[in-house]
Amino acid sequence: MRTRHLRTSAAIAAAAIALLAAGCGDGQSTAKEAAPPRAAESPVGSAATTDGGQGKKAAVPAELKFTTTTVDGQTFEGTSLAGKDAVLWFWAPWCSVCRSEAPTIARTAAKWGDKVTFVGVPGQGRTADMKKFVADTGLEGFPHAIDTDGSLWSRFGVPAQPALAFINDDGTVKVALGPVGANQFDDELERLTQK
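Calculation notes
Position labels on residues start from 1 in each chain and follow its written sequence. Whole-chain, interface and lining totals are the exception, using all residues; otherwise, since this is a predicted model, local features are given only for residues with pLDDT of at least 70 and side-chain atom pairs are given and counted only at 80 or more. Calculated side-chain values reflect all of the structure's heavy atoms, with hydrogen atoms and water omitted. Here a helix means four or more residues in a row that DSSP labels H or I, a strand means two or more in a row labelled E, and each is numbered from the N terminus. Expected span of a helix: the number of residues minus one, times 1.5 Å. Relative accessibility thresholds used throughout: buried, under 20% of the residue-type maximum; exposed, over 50%; partly exposed, between the two (1.4 Å probe, protein chains only). This arc corresponds to the set of directions leading from the helix axis out to the C-beta atoms. Throughout, a contact is declared for two residues whenever any of their heavy atoms are within 4.5 Å. Bend at a residue means the angle formed by two fitted axes: the first through the 7 residues ending at that position, the second through the 7 residues beginning there. Fitted lines through C-alpha atoms give the axes, limited to the stretch in contact for helices. The angle between two N-to-C directions lies from 0 to 180 degrees. Working rule for angles: under 35 degrees goes down as roughly parallel, over 145 as roughly antiparallel, 65 to 115 as roughly perpendicular, anything else as oblique. Crossing handedness: left-handed means the near helix sits turned counterclockwise from the far one by under a right angle, and right-handed means the same turn made clockwise. Lys, Arg, Asp and Glu make up the charged group, whereas Ala, Val, Leu, Ile, Met, Phe, Trp, Tyr, Cys and Pro make up the nonpolar group; the residues left over, Gly among them, are polar.

Trainee: Help me understand helix α5 (residues 182-193) in this model?
Mentor: An α-helical turn contains 3.6 residues, so a residue and the one three or four places further along point in the same direction. Here α5 contains 12 residues, and its C-alpha end-to-end distance of 16 Å stays within 8% of the 16 Å for a straight helix at 1.5 Å per residue. Among the residues making up α5, those that are buried are Phe185, Asp186, Glu188, Leu189, Leu192 and Thr193. Seen along its axis, α5 keeps its buried residues to an arc of 160°; they face one direction. Buried positions along α5 lie against β6 (86-91), α2 (96-112), β7 (117-122), β8 (163-167) and β9 (173-177).

Here you go:
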């Protein structure tokens, strides 16, 4: 019995260390050094439909049923992404790994912006710090929907930053944890936009 308890404790400790490693660390890791992100797909959470501005009917995933404010003080409705190919980038203003990933996010958003809607989801910080992070890193090209209480991160199953949620226009959500390199990001977006 004691041996089983020790094994369980060791397994829990190893899982905790892995989660911490996936999040924002000491800022020493780069996208090239990072292991491929873990991904999980979630089923569509609702039968409700919308055309998402693209002329097609799509299920509205439960993850998109939220309303929040952007760093610029505008209201943001998650349901506005239904029926669209979209990417949510989960970040924190104090995260050095997020800061090092920001140029890749900005370039990728500029490159794919005509096919994919990008939204930042900052959390774990003050709005003023989030706004400064966006300005300092050149991420003004898309909205950043503030997650003040962690509910959006939880809704998408994001335990730590940085993370990405790829939302297909059919309502499928795939979450990738950890930093993503430019080539891997492009590959994911190719898959997302294939019809």
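So that's the structure; there's more coming.
Trainee: Before we go on, may I ask you to explain α2 in this structure?
Mentor: For α2, which comprises 17 residues, the first-to-last C-alpha distance of 25 Å matches the rise-based estimate of 24 Å (1.5 Å per residue) to within 8%. Of all the bends in α2, the greatest reaches close to 35° and is centred on alanine 102; the proline proline 103 follows between one and four positions later. Residues of α2 that are buried include every one of Val97, Cys98, Glu101, Ala102, Thr104, Ile105, Thr108, Ala109 and Trp112, and no others. For α2, the secondary structure elements touched by its buried residues are β6, β7, α3 (127-137), β8 and α5.

Trainee: I tried to follow the packing of α2 against α3 on my own but got confused; where do I start?
Mentor: Relative orientation and spacing of two packed helices are given, respectively, by the angle between their axes and the distance between those axes. Running from N to C, α2 and α3 cross one another at 40°; their axes reach a closest spacing of 10 Å. Taken together, the axes of α2 and α3 are oblique relative to one another. Here α2 runs over α3; the crossing is right-handed. In contact with Cys98, Arg99 and Ala102 of α2, α3 contributes Phe133, Asp136 and Thr137. The residue makeup of the contact of α2 with α3, split by class, is three nonpolar, one polar and two charged.

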